[in-house]
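A closer look at the structure
Residue strings, one per chain:
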Amino acid sequence: MALMRVDLYSEVLGLSTSMTVILPQQTATQIGMSGSAPQGDPPVLYLLHGLSDDDTIWLRRTSIERYVAPLGLAVVMPQVGRSFYTDEEHGNRYWTFLSDELPRLCQRFFRLSSRREDTFVAGLSMGGYGALKWALREPGRFAAAASLSGALDVAARSPTSSTPLDAGVWHTAFGERTVAGSDDDVLALLDRAAVADLPALRVVCGTEDFLYEDNRTFVAAARERGVPLTVDFSPGTHDWAYWDAKIQDVLAWLPLRPGG
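The sections below set out a description of the structure shown in this document. Being a predicted model, the structure only gives us computed values, none of them experimental.

1. Some thoughts on the packing of aromatic side chains
- Per the counting criterion, the structure on display carries nine aromatic pairs.
- Relative to F110, the ring of F109 has its centre 6.0 Å away and its plane inclined at 85°; by these criteria the two rings are edge-to-face.
- Every member of this aromatic cluster is reached through a ring pair, and the members are F84, Y129, W170 and F174.
- The positively charged end of R137 is found above the aromatic ring belonging to W95, 4.0 Å away from the centroid.

Put into structure tokens, the structure is as follows:
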């Protein structure tokens, strides 16, 4: 695998930012692991970080590089701060950066497949929310999307709720606007989704996780609306031991085409 830390300027954000990228490489002489690469442009997984993290965290806390090496899969891990992958009310346009500028830059910088069947998104916690929001808002972009311990009922975590987000984070991201029913509410996005157009969806959460009820709420809402889901509720908490294990399950579940 080729590993890159990419420092770049974002026109959308109006500032310099970064992403960490893993690119597939065909290898035969590495000791202890092998690498695979498709004949054509490789498939890509956009892998999103959580609230307290940055674009390096998946690489630092898991063995993601080793896990994807035999798959011929590129991984793009962008930096979005504590934005909840939104166009922030009192901050910056991270949703536009993620959904529009980032894919265009990646296509310009690297050889990556642009086909829907080769494009995937996943994330943990805030990034799990971001992954499903992106997939539900732009279902034609992805073949599959997965949330690990996602904050999937954001509207219920306003500063007025019993389990609020940090008031400063909420104010920056959402301000005074109503999140419930908006395009930042993944439960509302389920109501507006054309089920036949959706990518494959996977929801993963530990049963001891403080976000477990959020995930149960999302799964129940999806099933009420006839949205197919793969659900993995298993013992675990909100920690990297759980996510390191579960990202391997997500990678095995992705509908990667043989030979790329």
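2. Here we look at the pairing of strand β4 (residues 74-78)
- Most of β4 is tucked away, with five of its five residues classed as buried.
- Of the two faces of β4, both are covered, the one formed by A74, V76 and P78 as well as the one formed by V75 and M77.
- As paired strands, strand β2 (residues 15-23) and β4 are joined by four bridges and run antiparallel to one another. Bridge pairing links I22 to V75 in β4.
- Bridge count between strand β3 (residues 44-48) and β4: three bridges; the pairing is parallel. If you follow Y46 over to β4, its bridge partner there is V76.

How each quantity is defined
- Residues numbered from 1 in each chain as written.
- Predicted model: local features only at pLDDT ≥ 70, side-chain atom pairs only at ≥ 80, totals over all residues.
- Heavy atoms only, no water.
- Phe/Tyr/Trp six-rings, centres within 6.5 Å; stacked < 30°, edge-to-face > 60°.
- Lys NZ or Arg CZ within 6 Å of the ring centre and 35° of its normal.
- Buried < 20%, exposed > 50% of the residue type's maximum accessible area, 1.4 Å probe, protein only.
- Helix = DSSP H or I, 4+ residues; strand = E, 2+ residues; numbered from the N terminus.
- Pairing = 2+ DSSP bridges.

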